[in-house]
Amino acid sequence: MSFGVPAALFWLVLAVPIIALYVLKVRLRRVPVSTNLFWKQIYEERSSRSLWRHFRHLLSLLLQLLLLLLLALAVADPYLPWQLTQARRTVFVVDRSASMQATDIEPTRFAAAVSEAHAWADGLRAHDEMAIVTAGARPEVIVGMCSHVPTLHRAFDGLIPLDGPAELKPAVDLARQIIGEHPRGRIIVLTDGCASGSEAHTKSIREDSREFQQIDVHTEPEIEFHLFATDASNIGITQFQVRRSMSDPLGYEVMSQIRNFSDTCIECRLELELDGLPVDILPLKLEPNEIWSRSIEKTSLAGGLLSGRLTEIRTFDQSTDGELTSQIRPLNAISVDDMAWAVLPNRGIQKVLIVSPGNLFLRKVFEASPLVAIEAVKKIPAEWPQDTLIVLHQLTPPTVPLGDVLVVDPAESTDLWTVGESLTDPSISNQDTDSVLMTHVRLDNVLVPQVRKVAALGASHVLAGTDSGDPVYLELVRDGGRCLLLTTNLEESDLGFRTAFPIMMSNALGWFAGTSGELTQASATGDVASVSIQRSKIDELTESTVPRLQLIDPNGHRTELAVTSSSSTNSESRQLETVIGPLNRAGLYRIVAPSTGPTGVTGANTRTEEILLKTVAVNLSNVRESDLRPAENLKSVDDNGTVTADWLPRPGWFYLAALAGVLTLTEWFLYNRRFVD
């Protein structure tokens, strides 16, 4: 026998004072009484007593010494050497993917898996250890190697399924690292077989098992798959995106895909809503395993949150006489893929003031957009309007006005640039294809007989330039607003006849309006998204270079975001950058910033409000998770039995402490029954 804490045996020296106190003669207290006639009959004074006379209640002394021995041994934590060699290490890999929310197994697949895990924890033996690893978009260690059963139960009760996919292979690899080279290691995978890589990983496990038979079987832990799934039917939205139309400024396109993951015919309705208002209702009838995909065109000036929902789901089963009979089901086995969201960029009316001696191409390119309200003048005004895009063509004041300014073919130098000699027949070859201002724009085939040589006086970013390095189209970075400069002479070049020119102006209008393009990508659950926020949107909120932002998930939980501010000279990069995720819930994530403003009462304190900066739509969008049928050829490994106690499951100190409690009750009983002779 060995001891975990051998030093605890020193507590046995307490036996010496116990024996000493037991044999100690108790001196009787003298009390005057009227007569001692009756007392002599009860207590007879005996003058001579030997030392051994004090051991007349030897059983009580032995019980006390035995109690001390049991307590000392319990503290010393005794165990047998073979108990250590037979101890087991078990790691549970729990699948937390969206498909584990399916209700084909009552109450859910995930609840059934957790219930079985609790049973395994109850069978934990002394010196056995368990760990819990969850499989999601990224593996996570919930509890390291632990032998405390209540801790394991609390950890299992705290697990909840997520709305994202699960990768089993990284989780199993992490479990192998936790077990290490323990000779009796075991990995229990609780899954429904719908996680990514389930079938491939099981195949690799079987191949590894054949290799283990040829070498040392203890070099790798034993891996068992326990499936919680049936061939449940499901229908779900696997793709849902929205973008502004490339041809119609007021239009938008909804790109949706719906799949029938069953062997029966399913009929349903797809209901589209924009900010809670109905947009369209599409009746659908999908054959077994059919994929329905369509781009739906709609028109709306205002943007907002677009949602798609599957309702009125019916399944058609073939009766005995060959006819199809319909049956309405309340919901699918899972509902997370019955709903999808997307963010439609807003389209607002943009005021444009054109200051030009007159150019038909320039005016027509702005008039072609129904989102632009144009005002044209032929000379520089005395005052500049507010909240208006100012287009300066050939006419430039010495000081460029504050706000958004687009300059075309500048004739004079200003406080932002200097105009030099003209360049004849330049070749435009350098172009920033990564900029949203140059999306779908090609200038290498544009005939430009003459451009003005311009040098920026401050920070700038060249969007297009010549072989000699002279800018043709550039952005001027300044604090007073955005400014674009196009040095091409529209009358002498064929740029006005090219499709590149209206596209350039359309990109510029969207850029000045603060839109990053016609598409705001909806993210998929489990992803990590990089989000950019224009600095101009929150300049009025705080004077700090990096303000405090918060992320609110669909459940209302808040998370502080780590924000960085780019120092690039390109104003497209003068924005706030943050990373959100993993996005484990389907729905709408909101990025907010606090704003301090007056209460409206003189002398009153300020109040803090929240300003919504950005909304991110997150959908399941995972075919493997929506298909609730387990992967082919994936079956549960034959169960070798749960971790049960083939010898006493409790550690030795537990039984010693229990026996000490029994002896304490016995001694108490003997003490109360004791009599003096």
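The following refers to the structure shown. Quantities reported herein were computed from a predicted structural model and do not represent experimental measurements. (Residues numbered from 1 in each chain as written. Predicted model: local features only at pLDDT ≥ 70, side-chain atom pairs only at ≥ 80, totals over all residues. Heavy atoms only, no water.)

1. A word on the overall build of the protein chain
- Scanning the protein chain from terminus to terminus reveals 12 helices and 33 strands.
- Relative to its full complement of 677 residues, the protein chain shows a buried share of 43%.
- When contacts within the protein chain are restricted to residue pairs at least 6 apart in sequence, long-range pairs at least 24 apart make up 72% of them.
- For the protein chain, the exposed area adds up to about 35,800 Å²; of that, 53% sits on carbon and sulfur atoms. (Helix = DSSP H or I, 4+ residues; strand = E, 2+ residues; numbered from the N terminus. Buried < 20%, exposed > 50% of the residue type's maximum accessible area, 1.4 Å probe, protein only. Contact = heavy atoms within 4.5 Å. Areas by Shrake-Rupley, 256 points an atom, 1.4 Å probe, with all protein chains shown as cover.)

2. A short note on the pairing of strand β8 (residues 234–244)
- Among the 11 residues in β8, nine count as buried, and that is most of the element.
- Strand direction decides the pairing type here: β8 and strand β9 (residues 251–261), joined by 10 bridges, are antiparallel. Note that in β9 the partner of F240 across the bridge is S256. (Pairing = 2+ DSSP bridges.)

3. Side note on the packing of helix α9 (residues 360–367) against helix α10 (residues 500–513)
- Taken N-terminus to C-terminus, the directions of α9 and α10 make an angle of 55°; their axes are 10 Å apart at the nearest point. Considering the angle they form, α9 stands oblique to α10. In this structure, α9 meets α10 at a crossing whose hand is right-handed. Only F501, P502, M505 and L509 of α10 make contact with α9, whose side of the interface consists of F361, L362, V365 and F366.
- Considered class by class, the residues forming the contact of α9 with α10 number eight nonpolar, no polar and no charged. (Axes fitted to C-alpha atoms, helices over the stretch in contact; angles between N-to-C directions. Parallel < 35°, antiparallel > 145°, perpendicular 65-115°, else oblique. Left-handed = near helix turned anticlockwise from the far one by under 90°. Nonpolar A, V, L, I, M, F, W, Y, C, P; charged D, E, K, R; others polar.)

4. Regarding the pairing of strand β10 (residues 265–274)
- The buried fraction of β10 is high, at seven of 10 residues.
- Between β10 and the antiparallel strand that follows it, strand β11 (residues 277–286), lie two residues; D275 among them carries a positive phi value of about 55°.

5. Looking at the nonpolar core
- Counting residues in hydrophobic clusters, the biggest one holds 35 residues, and the most contacted among them are F366, L443, Y473 and L484.
- For this core, the secondary structure elements donating two or more residues are β16 (350–355), α9, β18 (389–393), β19 (405–408), β23 (460–466), β24 (471–476), β25 (483–486) and α10.
- Counting residues per element, this core draws most heavily on α10, at eight residues.
- Apart from residues lying up to four places away in sequence, Y473 is in contact with M438, V462, L463, A464, L484, L485, L486, M504 and A508.
- If you look at the next biggest cluster of nonpolar residues, it comprises 23 residues, including I237, Y252, V254 and L306. (Core = buried A, V, L, I, M, F, W, Y, C linked by side-chain atoms within 4.5 Å.)

6. Details of unusual backbone geometry
- Backbone torsion omega between E106 and P107 reads -10°, so that peptide bond is classified as cis.
- As for its placement among the helices and strands, P107 is situated in the loop between β3 (89–95) and α5 (109–122).
- Cis geometry marks the peptide bond from G581 to P582; its omega dihedral reads 0°.
- Within the secondary structure, P582 is located in the loop between β31 (575–580) and β32 (587–597).
- The backbone of E312 sits at a positive phi, close to 50°, despite the residue not being glycine.
- Following the sequence through the fold, E312 ends up in strand β13 (residues 304–318).
- Phi at D387 is positive, roughly 55°, even though this residue is not glycine.
- By the secondary structure assignment, D387 is in the loop between β17 (372–377) and β18.

7. Topic: the packing of α5 against helix α6 (residues 149–157)
- As a packed pair, α5 and α6 sit with axes 10 Å apart at the nearest point and diverge in direction by 175°. Considering their axes alone, α5 and α6 lie roughly antiparallel with respect to each other. Packed against α5, whose contacting residues are V114, A117, H118, A121 and D122, the element α6 presents V149, L152, H153, F156 and D157 at the interface.
- Split by residue class, the contact of α5 with α6 holds six nonpolar, two polar and two charged.

8. Focus: the sheet that holds strand β4 (residues 129–135)
- With respect to topology, five strands assemble into an open sheet ordered β5-β4-β3-β6-β7, the strand pairing being mixed. Every interior strand has two partners, whereas the edge strands, β5 (140–146) and β7 (222–227), have only one. In this sheet, adjacent strand axes meet at a mean angle of 15° when their direction is disregarded.
- Inspection of the sheet shows strand β6 (residues 185–191) paired to β7 by six bridges, in the parallel sense.

9. Brief notes about the packing of aromatic side chains
- With the rule as written, the count across this model stands at four aromatic pairs.
- Aromatic pair F361 and F497: ring centres 4.9 Å apart, planes at 65°, arrangement edge-to-face. One end of the pair, F361, is in helix α9; the other, F497, is in the loop between β25 and α10, and 136 residues separate them in sequence.
- For F361, a relative accessible area of 31% translates into the label partly exposed.
- Accessibility expressed as a relative area gives 63% for F497, which makes it exposed.
- Ring geometry for W511 and F512: centres 5.1 Å apart, planes at 65°, overall edge-to-face. By the burial criterion, W511 is buried, and F512 matches it.
- Through a chain of ring-to-ring contacts, the aromatic side chains of F92, W120 and F156 assemble into a single cluster. (Phe/Tyr/Trp six-rings, centres within 6.5 Å; stacked < 30°, edge-to-face > 60°.)

10. Quick notes on the pattern of salt bridges
- By the definition in use, this model includes 19 salt bridges.
- The partner of D104 in a salt bridge is R109, with the nearest N and O atoms 2.9 Å apart.
- Since its relative accessible area comes to 0%, R109 is described here as buried.
- One salt bridge connects D173 with R176, and the closest N-O pair in it is separated by 3.9 Å. Of this pair, D173 and R176 are both found in helix α7 (residues 168–179), three residues apart, which corresponds to roughly one turn of the helix. (Salt bridge = Lys/Arg side-chain N within 4 Å of Asp/Glu carboxyl O.)

11. Considering a nonpolar patch on the surface
- Taken together, the side chains of W11, V13, L14 and V75 make up a nonpolar region of the molecular surface, amounting to roughly 400 Å² of accessible area.
- Since its relative accessible area comes to 52%, W11 is described here as exposed. (Patch = residues over 30% accessible without salt bridge, like charges linked within 9 Å, V, L, I, M, F, W, Y side chains within 5 Å.)

12. Quick word on the side chain of D95
- Following the sequence through the fold, D95 ends up in strand β3.
- Buried within the structure, D95 lacks any salt-bridge partner; its nearest side chain of opposite charge belongs to R109, at an N-O separation of 7.7 Å.
- Of note is the side chain of D95, whose polar atom sits 2.8 Å from the side chain of T191.
- Those residues in contact with D95 that lie beyond four places of it in its chain are M100, F110, A135, A166, L190, T191, D192 and A195. (Lys, Arg positive; Asp, Glu negative; His and termini not counted. Polar contact = N/O pair within 3.5 Å; in protein donor to acceptor, adjacent residues only side chain to side chain.)

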